[in-house]
Amino acid sequence: MHTMVMTGATRGIGRFTAATLLQDDPELRLVVLARESTSAEAVRQLRADDRVTVVNTELASIDSVESAGRAVGALLDAGELPPLRGFVGNAGVQFTDALHTTPDGLETTFAVNVLANHLLLRALESRLVSPARIVITNSGTHFGDLRHTYGLTPAPRWADPSVLARPGAFPSPATVAAGYTAYATSRLAAMYLVHEWARRLPDGVNIVAHSPGLVPATGHGRHAKPFARFLNDRVVPLLTLTPAIDNAATAGRRLADTVTGRTPAPSGSYVDRSRVTPSSNESYDVERERALWDHLEAVRLHRVIG
């Protein structure tokens, strides 16, 4: 028996991933971190499997994330869960502005898509037992080009992490463009985080980024402008009939393949749907990676927000 911890398992791609992991591996104990108040039906269905443990977690709250990490650690230490061999950071948010603010004063996209993963990994890293795999769900939006975004998302706009962590970090922060820029930038930050963690993890514990590609009907495009909504709701679903784009079920299985290692990927790599490929040129920047790590650690240790 072994344990895996997962965020983003109650809807969209993650729900199919969780179901696939449980179906394929009878030895798996899955710990799902989720807000029970907004995912009640999905949580009920997950709990119907006695191999699933749900920990109520608000990923936009530092206290809640750290409390969840301690709760999982306590279950592992008490032997109530088998050894921890994996973490899947699949949760992600996207807004129509760059002004959403967490209780800690952080911009919510940055807090959920970047900081929460780091905090959870810091809480769990000492309990990961080799061989173990960490997977952070990412997005081709971090490339910022037409080939990867289909014109639906602006390019990332990097700045000092202390600026990116605060609401209003981008021009015209109340606009959809700013919200989507915050999303793309958070995905670039997640690549930096994967690269930096890959350098620091011990042998036998690897970390990879996984991009499901553009997948319709996952809820990310619901706040887009009318033309972008038209593309996402009417045009993109038609492309799932081609090899270019997956539906949520197929994307969930592909993510499960990355999680289990059926899709081989070295630590620090980027998996695009089902193959390892270089991430964006901009995503390879050691100075940015270390600056991001330092800022996240400052937030973790001292609640330094700006």
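Described in the following lines is the structure provided in the data block. Here the structure is a predicted model, which means the values were calculated and not measured. (Residues numbered from 1 in each chain as written. Predicted model: local features only at pLDDT ≥ 70, side-chain atom pairs only at ≥ 80, totals over all residues. Heavy atoms only, no water.)

**Structural notes on the overall build of the protein chain**
Heads up, the condition is: Where helices and strands are cited, they refer to DSSP runs of H or I of at least four residues and of E of at least two residues respectively, numbered from the N terminus. As a reference, a globule follows 2.2 Å times the number of residues to the power 0.38, and the radius of gyration itself is taken over C-alpha atoms. Any residue under 20% of the maximum accessible area for its type is buried, any over 50% is exposed, and the rest in between are partly exposed; the area is computed with a 1.4 Å probe on protein chains only. When checking whether two residues touch, look at their non-hydrogen atoms; a contact exists if any pair is within 4.5 Å. Per-residue accessibility takes into account occlusion by the displayed protein chains alone, with areas from the Shrake-Rupley method and a 1.4 Å probe.
When you go through the protein chain residue by residue, the secondary structure sums to 10 helices and eight strands. Taking 2.2 N^0.38 as the reference for a compact globule, 306 residues should give roughly 19 Å; the C-alpha atoms of the protein chain span a radius of gyration of 18 Å, in line with that estimate. The C-alpha extent of the protein chain, read off along each of the three principal axes, is 50 × 50 × 35 Å. Per-residue burial for the protein chain yields a buried fraction of 54% across its 306 residues. The long-range share in the protein chain, meaning contacts at least 24 apart out of those at least 6 apart in sequence, stands at 75%. With the model as given, the accessible surface of the protein chain reaches about 12900 Å², and the carbon-plus-sulfur share is 52%.

**Observations regarding the environment of I245**
Along the chain, I245 falls in the loop between α8 (226-239) and α9 (248-260). On a C-alpha basis, the gap between I245 and V54 in space is 31 Å, while along the polypeptide they are 191 residues apart.

**Thoughts on the layout of surface pockets**
Basically, it comes down to this: In this analysis, the protein atoms alone were mapped onto a 1 Å grid. Cavities are point sets where a 1.4 Å probe fits without being able to get out; pockets are open sets with protein on both sides within 12 Å along at least five of seven lines; lining residues have an atom within 4 Å of a point. Grid points are joined across faces, edges and corners, and a volume is the space filled by probe spheres set on the points. Residues were grouped as follows: Ala, Val, Leu, Ile, Met, Phe, Trp, Tyr, Cys and Pro as nonpolar; Asp, Glu, Lys and Arg as charged; and all remaining residues, including Gly, as polar.
In this structure, the second largest pocket encloses a volume near 240 Å³. Around the second largest pocket, the lining comprises 15 residues; the ones closest to its centre are M4, R85, R133, V259 and T260. Secondary-structure elements contributing two or more residues to the lining of the second largest pocket are β1 (2-7), β4 (84-89), β5 (128-137) and α9. A total of three residues in the lining of the second largest pocket trace back to one element, the largest contributor, which is β5. Looking at the lining of the second largest pocket residue by residue, the classes come out as six nonpolar, six polar and three charged.

**Structural notes on empty space enclosed by the protein**
With the rule as written, the count across this model stands at three cavities of 30 Å³ or more. In terms of lining, the largest cavity is formed by E107, F110, L164, F170, A182, T185 and S186. It is helix α7 (residues 176-200) that provides the largest number of residues to the lining of the largest cavity, a total of three residues. Taken together, the residues of the lining of the largest cavity sort by class into four nonpolar, two polar and one charged.

**Some words on the environment of D294**
By secondary structure assignment, the location of D294 is in helix α10 (residues 286-302). Each C-alpha atom, one on D294 and one on E196, is 11 Å from the other, the two residues being 98 residues apart in sequence.

**Side note on the packing of helix α4 (residues 108-124) against α10**
Quick reminder of the rule: Inter-axis angles, ranging from 0 to 180 degrees, are taken between N-to-C directions of lines fitted to C-alpha atoms, where helices are fitted over the stretch in contact. For classification, angles of less than 35 degrees are called roughly parallel, those exceeding 145 degrees roughly antiparallel, those between 65 and 115 degrees roughly perpendicular, and all remaining angles oblique.
Two elements in contact, α4 and α10, have axes whose closest approach is 11 Å; the angle formed by their N-to-C orientations is 75 degrees. It follows from the interaxial angle that α4 and α10 lie roughly perpendicular. Packed against α4, whose contacting residues are F110, V114, L115, H118, L119 and R122, the element α10 presents L292, W293, H295, L296, E297, V299 and R300 at the interface. Grouping the constituent residues of the contact of α4 with α10 by class yields eight nonpolar, two polar and three charged.

**Examining helix α2 (residues 40-47)**
Stated precisely, the cut-off is as follows: This arc is taken over the directions from the axis of the helix to the C-beta atoms.
Three or more residues of α2 are buried, namely A42, V43 and L46. Projected down its long axis, α2 shows its buried positions confined to an angular sector of 100 degrees, all on one face. Where α2 is buried, its residues touch α1 (12-24), β2 (28-34) and β3 (52-56).

**Quick word on the sheet that holds strand β6 (residues 205-211)**
Applicable threshold: Between any two strands, at least two bridges found by DSSP are needed for them to pair.
Sheet architecture is open: eight strands sit in the order β3-β2-β1-β4-β5-β6-β7-β8, paired in mixed fashion. What marks the edges here is a single partner per strand, and that holds for β3 and β8 (275-276). As judged from the five bridges shared by β4 and β5, these two strands associate in the parallel manner. Of the residues in β5, the one forming a bridge with G86 is R133.

**Some details on the packing of helix α3 (residues 62-77) against α4**
Put simply, the rule is: Crossing handedness is read from the near helix: turned anticlockwise from the far helix by less than a right angle, it gives a left-handed crossing, and turned clockwise, a right-handed one.
It is the contact of α3 with α4, at a shortest axis distance of 9 Å, that shows an interaxial angle of 30 degrees. Relative to α4, α3 is oriented roughly parallel. The handedness of the crossing between α3 and α4 is right-handed. Of α4, the residues touching α3 (which contributes I62, V65, E66, G69 and V72) are L115, A116, L119, L120, A123 and L124. Of the residues in the contact of α3 with α4, the class split is nine nonpolar, one polar and one charged.

**Here's the deal with the nonpolar core**
We count it as follows: Think of a nonpolar core as a cluster: buried Ala, Val, Leu, Ile, Met, Phe, Trp, Tyr and Cys residues, connected wherever their side-chain atoms sit within 4.5 Å.
One finds V5, L33, V72, F87, I134, I207 and L292 to be the most contacted residues of the largest nonpolar core, which totals 55 residues. Among the secondary structure elements, those contributing two or more residues to this core are β2, α3, β4, α4, β5, α7, β6 and α10. Every residue in contact with I207, bar those within four places of it in the chain, is listed here: L121, I134, I136, V194, W197, A198, L201, P266, S267, G268 and S269. Grouped together as the second largest cluster of nonpolar side chains are 26 residues, L21, V43, V215 and A265 included.

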